[in-house]
Amino acid sequence: MGAVDTPPPASGGLGGNRGTAVLVLLSFAMFIVSLDQYIVVVALPDIARDLGYSARTLQSVISAYAVASAGFLLFGGRAADLLGRRRVLAVGLALYAGAAFAGGLATGPGALLAARAVQGLGGALVFPTTLALLNTTFAEGRNRNRAVGIWGGAGAAGLVIGVLLGGFLTQVFGWVAVFFVNVILAGPALLLTFVVVPRDGAREKRRTFDLPGALSISLGVTLLVFALVEGPALGWLSPAILAGTAAGLLLIAAFVVIERRGSDPLMPPRLLSNPNLVTGVVIAFMFMATFGSVLYFLSLYFQDVLGYDALRTGAAFLVPTAVVVAGSTTAGRLVTRFGLRRSLAAALAVGTLGAVALGLAISPDGSYVALVPGLVALSIGDGVVFTTMFIAAGTGVPDRQQGIAAGIASTGSGAGAAVGLALLVLVATAGLDGLSGEQLRIATAEGIRTTMFVLAGGIALTFAVAVGRCPTPSPPLPAPVPHQTRRC
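Residues numbered from 1 in each chain as written. Predicted model: local features only at pLDDT ≥ 70, side-chain atom pairs only at ≥ 80, totals over all residues. Heavy atoms only, no water.

Re the overall build of the chain
Step number 1: Check the secondary structure of the chain and you find 17 helices and two strands.
Step number 2: Accessible area of the chain: about 18700 Å², with a carbon and sulfur share of 68%. (Helix = DSSP H or I, 4+ residues; strand = E, 2+ residues; numbered from the N terminus. Areas by Shrake-Rupley, 256 points an atom, 1.4 Å probe, with all protein chains shown as cover.)

A word on the side chain of Thr-451
Step number 1: Positionally, Thr-451 belongs in helix α17 (residues 437-469).
Step number 2: Looking at Thr-451, its side chain comes within polar contact range of the main-chain oxygen of Gly-447, at 2.8 Å. (Polar contact = N/O pair within 3.5 Å; in protein donor to acceptor, adjacent residues only side chain to side chain.)

A closer look at helix α7 (residues 177-196)
Step number 1: Across its 20 residues, α7 extends 29 Å between first and last C-alpha, which sits within 8% of the 28 Å expected from 1.5 Å per residue.
Step number 2: Residues Ala-177, Val-178, Phe-179, Val-181, Asn-182, Leu-185, Ala-186, Ala-189, Thr-193 and Val-196 constitute the buried set of α7.
Step number 3: Lining the buried residues of α7 we find α1 (17-39), α2 (44-51), α4 (85-104), α5 (109-137) and α6 (142-173). (Expected span 1.5 Å × (residues − 1). Buried < 20%, exposed > 50% of the residue type's maximum accessible area, 1.4 Å probe, protein only. Contact = heavy atoms within 4.5 Å.)

Overview of the confidence of the model for the chain
Step number 1: Looking at the chain as a whole, the pLDDT averages 82, with 89% of positions reaching at least 70.
Step number 2: This stretch, residues 472-487, has a pLDDT under 50; its non-local contacts, to residues over four places away or in other chains, come to 13 contacts. (pLDDT = per-residue confidence, 0-100.)

Some thoughts on a nonpolar patch on the surface
Step number 1: Together, Leu-228, Trp-236, Leu-237, Leu-242 and Leu-423 make up a nonpolar patch on the protein surface, roughly 510 Å² of accessible area in all.
Step number 2: Residue class for Leu-423 comes out partly exposed when judged on its relative accessible area of 42%. (Patch = residues over 30% accessible without salt bridge, like charges linked within 9 Å, V, L, I, M, F, W, Y side chains within 5 Å. Salt bridge = Lys/Arg side-chain N within 4 Å of Asp/Glu carboxyl O.)

Comments concerning the nonpolar core
Across soluble globular proteins, nonpolar side chains have a tendency to be buried as a group.
Step number 1: Grouped together as the largest cluster of nonpolar side chains are 137 residues, with contacts concentrated most on Tyr-296, Phe-297, Tyr-301, Phe-302 and Met-452.
Step number 2: In terms of residues, this core owes the most to one element, helix α16 (residues 402-428), which gives 13 residues.
Step number 3: The residues touching Met-452, leaving out its near neighbours within four places in the chain, are Val-294, Phe-297, Leu-298, Ala-355, Leu-358, Gly-359 and Ile-362. (Core = buried A, V, L, I, M, F, W, Y, C linked by side-chain atoms within 4.5 Å.)

What to know about the pattern of salt bridges
Step number 1: A complete count under the given rule lists four salt bridges for this structure.
Step number 2: Measuring nitrogen to oxygen at the nearest pair gives 2.2 Å for the salt bridge that ties Arg-49 to Asp-46. Residue Arg-49 and its partner Asp-46 are both found in helix α2; the two are separated by three residues, about one turn of the helix.
Step number 3: The exposed category is assigned to Arg-49, whose relative accessible area is 61%.

Quick look at the packing of helix α15 (residues 368-394) against α16
Step number 1: Relative orientation of the contacting elements α15 and α16 amounts to 140°, with a least axis distance of 9 Å. With respect to their mutual orientation, α15 and α16 come out oblique. Along this stretch, α15 crosses α16, giving a crossing that reads as right-handed. Of the residues in α16, those in contact with Phe-390, Ala-393 and Gly-394 of α15 are Gln-402, Ala-405, Ala-409, Ser-410 and Ser-413.
Step number 2: Partitioned by chemical class, the residues of the contact of α15 with α16 number four nonpolar, four polar and no charged. (Axes fitted to C-alpha atoms, helices over the stretch in contact; angles between N-to-C directions. Parallel < 35°, antiparallel > 145°, perpendicular 65-115°, else oblique. Left-handed = near helix turned anticlockwise from the far one by under 90°. Nonpolar A, V, L, I, M, F, W, Y, C, P; charged D, E, K, R; others polar.)

A short note on the packing of aromatic side chains
Centre-to-centre distance and the angle between the planes together describe a pair of aromatic rings.
Step number 1: Scanning the model with the defined rule gives 14 aromatic pairs in all.
Step number 2: Taking the centre distance of 5.9 Å and the plane angle of 55° together, the rings of Phe-287 and Phe-386 count as tilted. With Phe-287 in helix α10 (residues 275-290) and Phe-386 in helix α15, this residue pair connects regions lying 99 residues apart in the sequence.
Step number 3: Given a relative accessible area of 2%, Phe-287 falls into the buried group. (Phe/Tyr/Trp six-rings, centres within 6.5 Å; stacked < 30°, edge-to-face > 60°.)

Some points on α16
Given 3.6 residues per turn, any residue in an α-helix points the same way as the ones three and four places further on.
Step number 1: Here α16 is 27 residues long and its end C-alpha atoms lie 38 Å apart, about the 39 Å a rise of 1.5 Å per residue gives.
Step number 2: Judged by how many residues are buried, α16 sits mostly within the fold: 24 of 27 residues are covered.

What to know about the environment of Arg-199
Step number 1: One can find Arg-199 in the loop between α7 and β2 (203-204).
Step number 2: The spatial distance from the C-alpha of Arg-199 to the C-alpha of Arg-86 is 6.8 Å, given a sequence separation of 113 residues.

Regarding the packing of helix α11 (residues 294-305) against α15
Step number 1: Their axes nearest at 14 Å, the elements α11 and α15 cross at an angle of 175°. Comparing the axis directions of α11 and α15 gives the class roughly antiparallel. Taken together, the residues of α15 that come into contact with α11 (itself represented by Val-294, Leu-298, Tyr-301 and Phe-302) are Tyr-368, Leu-371, Leu-375 and Leu-378.

Points about the environment of Leu-113
Step number 1: In this fold, Leu-113 is placed in helix α5.
Step number 2: Residue classification places Leu-113 among the partly exposed residues on the basis of a relative accessible area of 26%.
Step number 3: Sequence separation of Leu-113 and Ile-62 is 51 residues, and the distance between their C-alpha atoms is 9.0 Å.
Step number 4: Once residues within four sequence positions are removed from consideration, Leu-113 is found in contact with Tyr-53, Ser-60, Val-61 and Ala-64.

Some words on the environment of Ala-48
Step number 1: Residue position: Ala-48 is located in helix α2.
Step number 2: Residues contacting Ala-48, with those up to four places away along its chain left out, are Tyr-53 and Leu-58.

Below is the structure:
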């Protein structure tokens with residue numbers, strides 16, 4: 001199988017009818033996939049009661065999606081480059097919708113986790129494909145920055161609106177509705193894909209799909225993320241964790257050997273020499289391990305400590321939703337004006353202060369009003385960083401490799417989400433065993449408070465990475481230099 005030619009960039013920026021239609025569809029698809037990551041968060045207590053999850057195993061409902069998604073994002077990105085981006089987007093949306101329907105019909109933990117894993121696989125196809133289509137539709141620079149800003153705003157909004165919508169649906173219709181709503185959303189997106197996205201072009205016969213490399217890295221990453229996610233619950237020295245870790249490392253080692261010997265490797269070595277892509281991947285991992293875990297803990301704080309019901313918990317996320325969307329949609333303009341390095345550094349600094357403020361405001365008898373300053377600051381950082389890190393990852397990458405570049409960056413974010421949540425749950429639940437009633441409520445608040453301070457430290461570390469790794473722009477050259485890579 002060979003590579004697929006991509007459509008020419010939209011010369012008219014966001015104004016052309018075709019470009020605008022593609023942008024709207026890709027942003028909507030990104031919104032759907034992001035929505036699913038946290039739409040079940042508010043429904044977790046009800047799911048636990050109906051299906052028999054414990055406090056320590058409940059996070060597996062989130063992690064099942066994250067593990068499957070993280071493992072197959074590289075596969076999805078490369079498949080988009082070689083098999084056709086419209087085809088891969090359609091398959092991803094179909095898997096996503098079908099798994100959501102199965103999740104709504106689940107009657108036990110096993111069936112639900114299987115459905116969540118298949119949803120993660122669908123998301124792993126959709127996520128990098130939407131970004132690759134975006135980066136090949138709009139020319140690098142101002143137009144692409146604005147387009148990625150809108151796409152990022154839709155994705156960031158999906159993460160937070162998922163909590164709001166999940167609260168409403170759970171309160172009115174029960175937890176099964178948070179799965180069935182995805183079918184309603186993904187179905188029309190699947191049909192519009194064949195109308196809006198241009199047909200996949202002719203394939204390059206000389207290029208092949210590196211199936212051994214794709215399978216080895218996908219399974220290797222999946223097993224390692226599984227070990228990191230389930231290690232705290234099963235025990236780090238348990239047979240399942242040790243076997244998963246060993247098998248994952250062996251598969252990744254096999255992937256390295258396969259890539260070195262392959263004539264058309266899954267991950268072209270020259271791609272990893274792009275400093276913007278490497279910086280984007282590192283920041284994506286750390287972003288999702290920190291910012292990406294906040295919604296989970298705030299939802300538990302609202303319900304288990306402050307006693308909010310599902311609907312009120314969803315409403316509590318209205319403020320951060322508005323701020324995240326505003327930050328994401330303006331991030332493209334900030335990058336165009338101030339550059340990647342300054343935009344990332346400023347957003348991460350504000351996010352660090354927001355996490356500290358939240359930690360100081362959280363208490364067993366706290367109030368929502370006390371949380372607002374921290375929520376606003378953290379959401380500003382969240383929105384701007386979410387968009388900016390993906391702008392970085394696509395900068396200086398050839399069109400024919402945008403899919404795998406998007407897969408690499410999104411793999412970083414997916415792995416960060418799974419690993420970060422697993423480790424932070426361990427921090428938040430330390431000392432809760434054997435407690436009940438008021439003692440459990442107070443200890444839960446203290447655990448979440450400590451977690452926020454750990455999050456602040458993680459965001460501060462991400463700030464250091466952004467300042468240290470993102471290259472400083474070079475002085476303007478007197479004449480254009482062919483093949484020069486644009487830098488942060």
